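# Examination of the molecular architecture
In case you want the letters, here they are:
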Amino acid sequence: MIVRRLAWKLGARYRLHRNDLPGRPDLVFAKKKRILFVHGCFWHQHNCRRTHTPRTNLSYWSEKLERNRNRDQNNRTMLTAQGWSILVIWECEVDDHERLLTQIQGFLK
Ligand SMILES: [Zn+2]
């Protein structure tokens with residue numbers, strides 16, 4: 001939500017969750033050929049403090065999370081091959097609005 005608001009503020013128009021693109025990207029800036037993903041740190045296995053592997057059902061979780069990671073990787077590869085530029089914003093980065101704004105601004109330029 002924060003990311004959407006910031007993008008809107010920057011005057012960039014986008015579409016949400018396009019089903020016709022790999023990974024259903026969160027924000028798609030079609031004119032600029034740019035895609036923005038907002039990833040939850042746990043589900044997408046960000047290398048940060050918020051990421052942990054649950055202690056119970058370890059094999060279930062590591063398999064599942066590994067699959068997520070591979071899927072993300074494949075989606076990014078496919079999108080890049082189609083000519084899209086991609087920015088991933090992590091859940092843990094969203095709190096710093098100023099930094100986020102600069103980041104998105106730079107990406108959409
Ligand atoms: Zn994170």
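Provided above is the structure to which this section pertains.
Criteria and thresholds
Residues numbered from 1 in each chain as written. Predicted model: local features only at pLDDT ≥ 70, side-chain atom pairs only at ≥ 80, totals over all residues. Heavy atoms only, no water. 1 Å grid on protein atoms, 1.4 Å probe; cavity = no way out; pocket = protein on both sides within 12 Å on 5 of 7 lines; lining within 4 Å. Points joined across faces, edges and corners; volume = space filled by probe spheres on them. Helix = DSSP H or I, 4+ residues; strand = E, 2+ residues; numbered from the N terminus. Nonpolar A, V, L, I, M, F, W, Y, C, P; charged D, E, K, R; others polar. Expected span 1.5 Å × (residues − 1). Contact = heavy atoms within 4.5 Å. Donors = N, O, S within 2.8 Å, 3.2 Å for Na, K, Ca; no water. Tetrahedral: all angles 85-135°; square planar, octahedral: opposite > 155°, others 65-115°. Buried < 20%, exposed > 50% of the residue type's maximum accessible area, 1.4 Å probe, protein only. Lys, Arg positive; Asp, Glu negative; His and termini not counted. Salt bridge = Lys/Arg side-chain N within 4 Å of Asp/Glu carboxyl O. Core = buried A, V, L, I, M, F, W, Y, C linked by side-chain atoms within 4.5 Å. Pairing = 2+ DSSP bridges. Axes fitted to C-alpha atoms, helices over the stretch in contact; angles between N-to-C directions.

By volume, the largest pocket amounts to about 180 Å³. Considering the residues around the largest pocket, the lining is formed by 14 residues, among which G23, H39, H44, D72 and N75 are closest to the centre. Looking at the lining of the largest pocket, the elements with two or more residues in it are β3 (34–39) and α2 (58–81). Broken down by element, the residue count for the lining of the largest pocket peaks at five residues, all from α2. The residue makeup of the lining of the largest pocket, split by class, is four nonpolar, five polar and five charged.

This part covers α2. Helical geometry note: an α-helix holds 3.6 residues per turn, so side chains three or four residues apart project in the same direction. Counted at 1.5 Å a residue, the expected span for α2 with its 24 residues is 34 Å, and the 34 Å between its end C-alpha atoms agrees. The secondary structure elements touched by the buried residues of α2 are β3 and β4 (85–90). Looking one or two places after α2, you find G83, whose phi comes out positive at around 95 degrees.

This brings us to the coordination of the zinc ion. Protein coordination at the zinc ion comes from C41 (SG), H46 (ND1), C48 (SG) and C92 (SG), with a distance range of 2.0 to 2.4 Å. Taken together, the four donor atoms surrounding the zinc ion define angles of 99 to 119 degrees at the centre, an arrangement classified as tetrahedral. All donors of the zinc ion come from a single chain, and their spacing in sequence reads C-x4-H-x1-C-x43-C.

This part is about the side chain of D26. Within the secondary structure, D26 sits in the loop between β1 (15–16) and β2 (27–29). Among buried charged residues, D26 stands out as having no salt bridge; its nearest opposite-charge side chain is R4, 6.6 Å away. With near-sequence residues (within four places) excluded, D26 lies in contact with R15, L16, H17, L36, F37 and V38.

What follows concerns the nonpolar core. Inside soluble globular proteins, nonpolar side chains tend to come together where they are buried. V3, L27, F29, L36, I89, L100 and I104 are the most contacted members of the largest nonpolar core, which totals 15 residues. For this core, the elements supplying multiple residues, two or more each, are α1 (2–9), β2, β4 and α3 (97–108). Ranked by the residues each element gives to this core, the list is headed by α3, at four residues. In contact with L27, not counting residues within four places along its chain, are V3, R4, A7, Y14, R15, L16, R34, I35 and L36. Formed by nine residues, the second largest nonpolar core is a distinct cluster that contains I35, L79, V88 and W90.

Another point: the sheet that holds β3. If you walk across this open sheet you meet the four strands as β1-β2-β3-β4, and the pairing is mixed. Pairing within the sheet leaves two strands with one partner each, and these edge strands are β1 and β4. For β3 and β4, the ladder comprises six bridges, and the chain directions are parallel. Along β4, the bridge assignment pairs I35 with I86. Along the sheet, α2 makes contact with β3 and β4, crossing β4 at roughly 150 degrees. Sheet strands touched by α3: β2, β3 and β4. Its angle to β4, the strand with the most contacts, is close to 170 degrees.

These results come straight from atomic positions and should not be treated as a statement about function.
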